[in-house]
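Examination of the molecular architecture
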Number of protein chains: 2
Amino acid sequence: MINKFNKAPLWEVSKDLASVAMGRKNAEIVIKNAKIINVCTREILEGRDVAIIKGRIAKLGKCDDVIGEDTKVIDASNMYLAPAFMDGHIHIESSMLTPKEYAKAVIPHGTSAIFMDPHEVCNVLGLKAVRCMLDDAKGTPLKVMLATPSCVPAIPGFEDTGSYIGPSDVKETMTWDECIGLGEMMNFPGIINSNEETHAIVGETLKAGKIVTGHYSIPETENGLNAYISSGVRCCHESTRAIDALEKMRLGMYAQLREGSAWHDLQEVKKAITDHEVDSRFACLVTDDTHPNTLIEKGHLDYVVKRAIEEGINPIEAIQMVTINVAQLFQLDHDMGSITPSKCADMVLIDDLNACHVVMTFINGELVAENGKNVVPFEEYVYPSWATDSLNLKDLTIDDFALKSDKDQVKAHVIEVIPGKTITLDKIMDFKVVDNKVVLDGNDDVLKAVVFDRHHKNGKYSFGFVKGFGIKGGALAQTVAHDAHNMLIIGSNDEDMLLAYNTLRECKGGSVAIKNGKVIGKVELPLAGLMSLKSLEDTKVMVDSLENAWKEMGSTLPSPFMTMGILSLACIPTLRLTNRGLVDCNKFEFVDLFINK
Amino acid sequence: MINKFNKAPLWEVSKDLASVAMGRKNAEIVIKNAKIINVCTREILEGRDVAIIKGRIAKLGKCDDVIGEDTKVIDASNMYLAPAFMDGHIHIESSMLTPKEYAKAVIPHGTSAIFMDPHEVCNVLGLKAVRCMLDDAKGTPLKVMLATPSCVPAIPGFEDTGSYIGPSDVKETMTWDECIGLGEMMNFPGIINSNEETHAIVGETLKAGKIVTGHYSIPETENGLNAYISSGVRCCHESTRAIDALEKMRLGMYAQLREGSAWHDLQEVKKAITDHEVDSRFACLVTDDTHPNTLIEKGHLDYVVKRAIEEGINPIEAIQMVTINVAQLFQLDHDMGSITPSKCADMVLIDDLNACHVVMTFINGELVAENGKNVVPFEEYVYPSWATDSLNLKDLTIDDFALKSDKDQVKAHVIEVIPGKTITLDKIMDFKVVDNKVVLDGNDDVLKAVVFDRHHKNGKYSFGFVKGFGIKGGALAQTVAHDAHNMLIIGSNDEDMLLAYNTLRECKGGSVAIKNGKVIGKVELPLAGLMSLKSLEDTKVMVDSLENAWKEMGSTLPSPFMTMGILSLACIPTLRLTNRGLVDCNKFEFVDLFINK
C-alpha cells in the first residue's frame, strides 16, 4: 500500500537521500551518539549517527561529513533512539477528545501514527463526520490513518442509529488517501455465517488491496476463529486469554495485545509470548480505548511498552510490537516502522529504556515534542454546526417520563449490572402502580431507565429498569451509550430525569449527573454528542466532576460511567435496553418489559 | 499488493471458506496427521488437519466433519507439511530452459513461486519476449512472477544490445498482472550518484506500490549501501561476506542468501544469522542462477534449505526464509507464504526435515507433483519465430576473421582469465604479423577473440586476445555472453572460428566447440539465443557434451563456459571485450587493442 503520510513520497526525494548518504549534500538533521534500537534485527547498535533530509532517513552510520551550517545536530548521548510508536487499533472517541487534542496528548508520549476506527462518530453522523475528523487531524503532525467503520449500525434492527455503512460506502472510502483498510469487523456472526453483505464489506477492502482489521471476542479458537480468519481478517485486539492470542498468531492473524483504560488484558495475554518460545512478529500492542485520565496519568503506548517489559517481554521485542510489527501488519513497512534508510523519520529518543520514557518525538524528520510538551503549532479546525449541534430531540414534559400501566401492580424485567463485568443479569421484580403510573419504592437499588432515539426527532423511545448502581436518588444521563449513541437516562424520579434530558439537550450532548433538582456533574461533549471541544486537561476536569458526582450519589461501582454506557450494547449478554425496547441478547429477540401485562 | 496468482481472489470465495471452516460445507481436500511447520510462530504443530476449498486453506484444526464423498483425503502421518517454497530472485535463462521446462524441473522440488528477472531475454528481444515467457509460464502451475528488468542495456554506450528499457516501459509493465516490481537494479552507480533516469526507473515502481529488488555487489556497507537502500531498493542477493548480509538486514534490506550453481555464498553469509543473535525475518534464501545439472542432481530451494540446515540454521527458520519472509518481502503475505486460513494452498509434504526431502507439492490446492514427478499436464506454448530465430548476422568469409596490421609485429592487450574468479587481468604481449595479419604462435595459451553484434545485421564487431583457457587448438563460440548476449568467439585459427560462427547461425544460437574442422560439442539455444526448446534432461545432455568438449580441448578451468560467458561483461574489472571494442572496466573507457599502432 502506498503511504500517504509523509513530507514527500520517496520517488520525489530519493536523489536527495542518496546525495546525503554519499556525502554530497548536507543533512537537515543529524542525531549523534544514540544507542539505536534496531527493530529489523532486534539489536542495539552503537557508534552510528542518523542523517535526515526531507522528512526521511538518509543514512545510519558516520554522518559528520554531512553536517553543515544549517544542519540541526542533536547529541543523544546516553539515550536510545527507537522508531516512533504506532497504535494499530484505537477509537479517538473513547478519549472524548477531538483528533487534534488527542494528537496533542499522545505525541509527547512517542506516538507518531494511529490506525483509528471512528465507528462511534460514524454511527451518529456518518462518513461526512469521519471526513471532518480526518481534516481536523491534518492540522497535527500525528499520522491519523483511517480504518473505515465496518459495522454501522452495530446491531441492525434492534436500535435506531444515525447512519448506515454498506459495501458501496466502504468502496468509496478505500479511495481516500487516509484510508488503510477496514475497521474492526465486529459482526463475526455475519462473517462466520457467510452473510452476503458482511462479506461484501470485507471484499471491497480486499479488492482495494487494503487491510481488514478484526474483533473476535469469544474464547473460541476452532471453527469460528478459522472461519473468521479465512475470510481475510488480518488482526484482532480482543484476546483476553493467552491461548486466544497464541492461536491467532498460529493462524496467521496479528494478535494485538490490549492495555487500555478499561480493559487490562496484557498481564494475561502476554503469556502467549513469554510462556512459549515463539516468533513474536505477529504480536502488536494496542490501547483500543483510552480515557483522558489514563493519557494524563499513565501515557499512551510508552506506558503499554513499559507494562510489556514489566510483564517479562524483552524491551526491544516490546518496541518491535509497536513499530515494525505494526508496519508489517498494515504492509507499510517500506515507509515506516524502522530506523533505516528511505523510511519516514518517525523516531523517539528514550532516556530510560525499561520505563520507556520518551524525551523527544520526531515525525517526518521534525522535532514535534520534547520533555512532555508539543513544540510545533497545531492548526485550528472548526467543526460544522451539524457536527457540534447534532442532537435531534423534541420537547418533553414530566408526563413523558411516566411509565403507564392499567394494572394495580406489575411484574417486570430488570437489568442487573455486576461490578467490574460487562455482562448483565435478567431479574424479575414486582412494582406498584399508583394513578396508572409504575412507581419505584426507593428500595432494592432499582432505577428507571429510558433510551431516546436522539438521531430522529420524534424517534422511538423505550423504558426499562436497572439495578445495581448503588444510586440513592437523582438521575444520570449520557449520549455516549454504545453503540447507537442514543440518549440513555437512569434515575429515581421523573423530575431529575427530565432535568438530565434538558441539560444534555442544552449542552448538545455528553454526560450529566442530577441530584435534588441540581446539576452536580457534567461532561459536555457537543461534537456528535461524543467528544469535547475542550483541551485534554479541561476535559479531564469535567470527567473528574462526573466521577465525583457518581460517588456523591452513592455508587461504589468501578467505572460506573462505563457500566452505564454499555447498558444499551445489545451484542453482550444478557439483557439490554435500546431505544426500541428490551433485548434478550442471547436469543436476539425483543422482550416485553412487563410480564403480567 | 493484490496477488493475481490464485484459483480465485479471496473476495470471491471467502463465504465458501467460512462455510468449510464452520462445518457447513465439505472440503475438497483434507490433509490429515501431518506435523505442520508453522512459519508464523516458528513452531511445529501436531494434531491438526488442513482443509482446502477453491484453492485456499479454510481451516487448520480438526476437519473430520468436512470430509465428504468427494473429498480427497491425504494421510500425511510421519510427514511434515510446510508452505511451498518461493525463490525471490532467479533468472530462468541461466537454466537454459523455457519457463515451462523450468517449472517442470522445480515444482517436484517443492517450489510454488519464483520472482524472475528475465533481463537476458529482455536485452535481446525486449518486453515482447518477456511477455512470451509469461504466457508460456501460464500453462504451468508455477507462479512465475515478473520483476521487470531494470538495466537494459546493462552498460549503456559500451556495447550494442537488442533492446532498451526506460522509465515509461517500467511504468507500462507495472500494470501487468504478473508484475510484482522491478528486477535487480544493477546500476548501483546510477542510484548512488542520483542519476535522473535510474531514479525514474525505481520511481515508477514505487509509484505503482510495487517492490524494487536490488543488486549491491561491492563489499561496502557505509555511504554507498546507505545511499542505495535510501532510494527504495528492498532486497539484495549479492552479499558474499557475512557482514554485508548482516548490515543489509540492519539497514532494513532483505538479505537474500544465495546458493546457486555458480555462486556458493551460503557457507560464508549464513554467519550473519548463526554468529549473531538476530531476528532473521529479513533473511531469505535464493538461487539466482541454476544450471540444468544442478536442478537434476541437487534440486532447487529444497537443496538450499538443506544446505542452510547443514550450515547450522534451525530447520523451521530456514523454511521461514523461503516462505513467510519472502512473502513479507514482496508484501504478499496476506495471500501466500504460510499454512493459515485464507491463504493459497501452496504446500509441500516433507518426509525428512533435515534433508528437506519433498514428497508432494500442492499449488493452489492441487496436488501437482508427487515423488519427484509432475502429475498434472502442462499446456503447450509455441514461441513466435522472431523469438526462436533471432540471430541477425551477415554471411562471413574466412577473411573476415583476419586481424590486420601494417606493422611487422604488434604489442597488444590480452585479457587474462583466472581460474574460478570473475575478474580478469590486463596483460601486454607481443604478436607477429605475417602477410599483414596478426598471428598466434600457438604458445602462451593465447587465443584470438571476436565479438559480433548479433542484434543488428551489419552491426559492429571487435577483436581481442584472451589467455588462460588452456585450449590447445580449435574454437568456441556462444550467443549467451553477458549482458548484451552478442556472439563471442574465441579460437586458435580462423577456419574453426568461422565454422563456429556458421554452426551457431544455423542452430539459431547457443554454444559450440570446434576442433580440427569438426563440431565436437553443441548446446542449441534457439529461444533468443539463450534458451533451449528441449526438455531439462535433453538440455543437460547437450550441456554435458559441451563440457566434455572443453575438457577434450585441454581446458582445466572450473566452469570454463561461465568464465567465457563473462568475457564481455564490462561491469566487472579489469579488461573486457564487447562488440564495440576493448573496455577498461575500472575507468569505463575504451582501449585500443594495439599499443604500438
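Computed from a prediction, not measured in an experiment: that's the story for all the values here.

Evaluation of the coordinates by the stated rule reveals 28 aromatic pairs over all chains. Measuring from centroid to centroid gives 6.0 Å for B:Phe158 and B:Phe588, while their planes differ by 70°, and the two rings are edge-to-face. Placement of B:Phe158 in the loop between strand E10 (143-148) and helix H5 (167-173) and of B:Phe588 in the loop between strand E30 (581-584) and strand E31 (589-591) is noted, with a sequence separation of 430 residues between them. A connected cluster of aromatic rings, assembled from ring pairs, spans A:Phe401, A:Phe452, A:Tyr461, A:Phe463 and A:Tyr501. Cation over ring: A:Lys104 sits above A:Phe378, and NZ or CZ is 5.7 Å from the ring centre. A cation over a ring is seen here: B:Lys35 above B:Tyr80, with NZ or CZ 4.7 Å from the ring centre.

With that settled, consider the confidence of the model for chain A. Taken as a whole, chain A shows an average pLDDT of 96; of its residues, 100% reach a score of 70 or greater. Note on the complex model: pTM 0.96, ipTM 0.96.

With that settled, the discussion passes to the pairing of strand E12 (residues 211-214) of chain A. Residues of E12(A) alternate between two faces, with A:Ile211 and A:Thr213 on one and A:Val212 and A:Gly214 on the opposite face, all of them buried. In the classification by handedness, the crossover that spans E12(A), the intervening helix H8 (residues 223-230) of chain A and the parallel strand E13 (residues 235-236) of chain A is right-handed.

Next up on the list: the sheet that holds strand E19 (residues 373-374) of chain B. All names here are of chain B. Pairing within the open sheet is mixed, and its 7 strands lie in the order E3-E2-E7-E16-E17-E18-E19. At either margin of the open sheet sits one strand with a lone partner, and together these are strand E3 (43-45) and E19. By the bridge criterion, 3 bridges tie strand E2 (residues 35-38) to E3 in an arrangement that is antiparallel. Each residue of the ladder has a partner; that of Ile-36, found in E3, is Leu-45.

Let us now look at the packing of helix H1 (residues 10-22) of chain A against helix H8 (residues 223-230) of chain B. Relative orientation of the contacting elements H1(A) and H8(B) amounts to 175°, with a least axis distance of 8 Å. As the angle between them shows, H1(A) and H8(B) are arranged roughly antiparallel. Residues A:Leu10, A:Leu17, A:Ala18, A:Ala21 and A:Met22 of H1(A) pack against B:Asn223, B:Gly224, B:Asn226, B:Ala227 and B:Ser230 of H8(B). Split into classes, the residues belonging to the contact of H1(A) with H8(B) amount to 6 nonpolar, 4 polar and no charged.

Interface size is commonly expressed as the accessible area that is lost once the parts come together. Listed by partner, the interface residues are 70 residues for chain B and 70 residues for chain A. Carbon and sulfur atoms make up 51% of the area that chain B and chain A hide from each other, which totals about 5,600 Å². Applying the counting rule to chain B against chain A returns 10 salt bridges. Of the charged contacts, one joins A:Arg48 and B:Glu247 as a salt bridge, the two residues approaching to 2.7 Å between their closest N and O atoms.

Below, the discussion takes up the relation of the copies chain B and chain A. Between chain B and chain A, which share one sequence, the superposing operator has a rotation angle of 180° and an axial displacement of 0.0 Å; the RMSD is 0.0 Å. Taken together, the rotation and translation describe the operation of a two-fold axis. The residues that chain B uses at the interface reappear at the interface of chain A in 100% of cases, marking a shared surface.

Another aspect to go through is the environment of A:Met360. Residue and element names in this part refer to chain A. When you line up the elements, Met-360 lands in strand E17 (residues 357-363). Exposure remark for Met-360: the relative accessible area of 11% places this residue in the buried category. Residues Met-360 and Ala-272, spaced 88 residues apart in sequence, show a C-alpha to C-alpha distance of 32 Å. Other than its neighbours up to four places away in sequence, Met-360 contacts Ile-74, Met-347, Val-348, Leu-349, Leu-367, Ala-369 and Glu-370.

Turning to helix H17 (residues 494-506) of chain B, a few remarks are in order. Each α-helix winds once per 3.6 residues, and so residues spaced three or four apart point in a common direction. All names here are of chain B. Counted at 1.5 Å a residue, the expected span for H17 with its 13 residues is 18 Å, and the 18 Å between its end C-alpha atoms agrees. Among all positions in H17, only Asp-494, Asp-496, Met-497, Leu-498, Ala-500, Tyr-501, Thr-503 and Leu-504 are buried. Contact partners of the buried residues in H17: strand E23 (446-452), strand E25 (475-478), strand E26 (487-491), strand E27 (510-515) and strand E28 (518-524). The opening residue of H17, the one whose side-chain oxygen lies 3.3 Å from the backbone nitrogen of Glu-495, is Asn-493.

Here we take up the pattern of salt bridges. All names here are of chain A. This structure, assessed with the given rule, holds 82 salt bridges over all chains. Ionic pairing is found between Glu-178 and Arg-131, a salt bridge with its closest N-O pair at 2.7 Å. In this pair, Glu-178 is assigned in the loop between helix H5 (167-173) and strand E11 (179-185) and Arg-131 in helix H4 (residues 127-138), connecting sequence segments 47 residues apart. Measuring nitrogen to oxygen at the nearest pair gives 2.8 Å for the salt bridge that ties Arg-258 to Asp-265. Judged by relative accessible area, which is 9%, Asp-265 ranks as buried. One network of salt bridges, with partners in common, ties together Glu-259, Lys-270, Lys-306, Arg-307, Glu-310 and Glu-311.

The next thing to look at is the side chain of B:Lys448. Residue and element names in this part refer to chain B. With respect to the element layout, Lys-448 can be found in strand E23. Here the side chain of Lys-448 touches Phe-401 through a polar contact of 2.5 Å, landing on its backbone oxygen. Those residues in contact with Lys-448 that lie beyond four places of it in its chain are Phe-401, Ala-402, Leu-403, Leu-440, Phe-463, Gly-464, Phe-465, Ile-489, Ile-490, Gly-491, Asp-494 and Met-497.

What counts as what
Residues numbered from 1 in each chain as written. Chains lettered and ligands numbered in written order. Predicted model: local features only at pLDDT ≥ 70, side-chain atom pairs only at ≥ 80, totals over all residues. Heavy atoms only, no water. Phe/Tyr/Trp six-rings, centres within 6.5 Å; stacked < 30°, edge-to-face > 60°. Helix = DSSP H or I, 4+ residues; strand = E, 2+ residues; numbered from the N terminus. Lys NZ or Arg CZ within 6 Å of the ring centre and 35° of its normal. pLDDT = per-residue confidence, 0-100. Buried < 20%, exposed > 50% of the residue type's maximum accessible area, 1.4 Å probe, protein only. Right-handed = clockwise from strand over helix to strand, strands pointing away. Pairing = 2+ DSSP bridges. Axes fitted to C-alpha atoms, helices over the stretch in contact; angles between N-to-C directions. Parallel < 35°, antiparallel > 145°, perpendicular 65-115°, else oblique. Contact = heavy atoms within 4.5 Å. Nonpolar A, V, L, I, M, F, W, Y, C, P; charged D, E, K, R; others polar. Buried area = accessible area lost by both parts, 1.4 Å probe. Salt bridge = Lys/Arg side-chain N within 4 Å of Asp/Glu carboxyl O. Least-squares fit on C-alpha atoms with pLDDT ≥ 70 in both. Expected span 1.5 Å × (residues − 1). Polar contact = N/O pair within 3.5 Å; in protein donor to acceptor, adjacent residues only side chain to side chain.

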